[in-house]
Amino acid sequence: MKKAITLLFLSSLAAPALADECALVIEGNDAMQFNLKEMSVPATCKEVTITLNHTGKLPVANMGHNWVLASTADYQAVATAGMSAGADHDYLPKDDARILAHTKLVGGGESTSVTFKTEGLAGKDLTFFCSFPGHFAMMKGAFKVG
Ligand code: ZN
């Protein structure tokens, strides 16, 4: 009996706030847009989970979206390299250290997510974008840790 009460107390105090601020949701649509231009998590998050919901209807081959994180200095070069990598590689250069985190490519009605560590990212100038050819010009935003 005593144990059950302790567990209840702990979960009601700790769980909700932590779960929310370290887990972000973003949407991509058939108009080649993300619904967010900025995303941020507090530096207290050791790990971040990004969930990407494609709210459109178009298939992945026509309007695929992913969520890719790189430094703002690198993201355009990564997007260009991704174009050459082709659809078989989700339009991402293979084993490229400039890619800090990424989801897979999804089509309309699909969702995907990625969890990554924030170590070394606090205070950095970061950009998230979609690496599907031609999308990064519109589908991008600032990402901040801390
Ligand atoms: Zn896209």
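Criteria and thresholds
Residues numbered from 1 in each chain as written. Predicted model: local features only at pLDDT ≥ 70, side-chain atom pairs only at ≥ 80, totals over all residues. Heavy atoms only, no water. Donors = N, O, S within 2.8 Å, 3.2 Å for Na, K, Ca; no water. Tetrahedral: all angles 85-135°; square planar, octahedral: opposite > 155°, others 65-115°. Buried < 20%, exposed > 50% of the residue type's maximum accessible area, 1.4 Å probe, protein only. Salt bridge = Lys/Arg side-chain N within 4 Å of Asp/Glu carboxyl O. Helix = DSSP H or I, 4+ residues; strand = E, 2+ residues; numbered from the N terminus.

A. Up close: the coordination of the zinc ion. Donor atoms from the polypeptide that bind the zinc ion are Gly-64 (O), His-65 (ND1), Cys-130 (SG) and His-135 (ND1), placed at 2.1 to 2.7 Å. Coordination at the zinc ion is irregular, judged from the 4 donor atoms that bind it and the angles of 78 to 129° they form at the metal. Expressed as a motif, the donor residue spacing for the zinc ion is G-H-x64-C-x4-H. An identical accessibility class is assigned to Gly-64 and His-65; each is buried.

B. Structural context of the pattern of salt bridges. For the structure on display, the rule yields 3 salt bridges. Across the pair Lys-117 and Glu-47 runs a salt bridge, and its minimum N-O distance is 3.2 Å. Here Glu-47 lies in strand β3 (residues 47–54) and Lys-117 lies in strand β6 (residues 111–117), a separation of 70 residues in the sequence. You can call Lys-117 exposed: its relative accessible area is 54%. In this structure Glu-47 comes out as partly exposed when scored by relative accessible area, which is 41%. Arg-98 is paired through a salt bridge with Asp-96; the nearest N and O atoms lie 2.8 Å apart. When its relative accessible area of 30% is taken as the criterion, Arg-98 is described as partly exposed. On the accessibility criterion, Asp-96 (17% relative accessible area) is buried.

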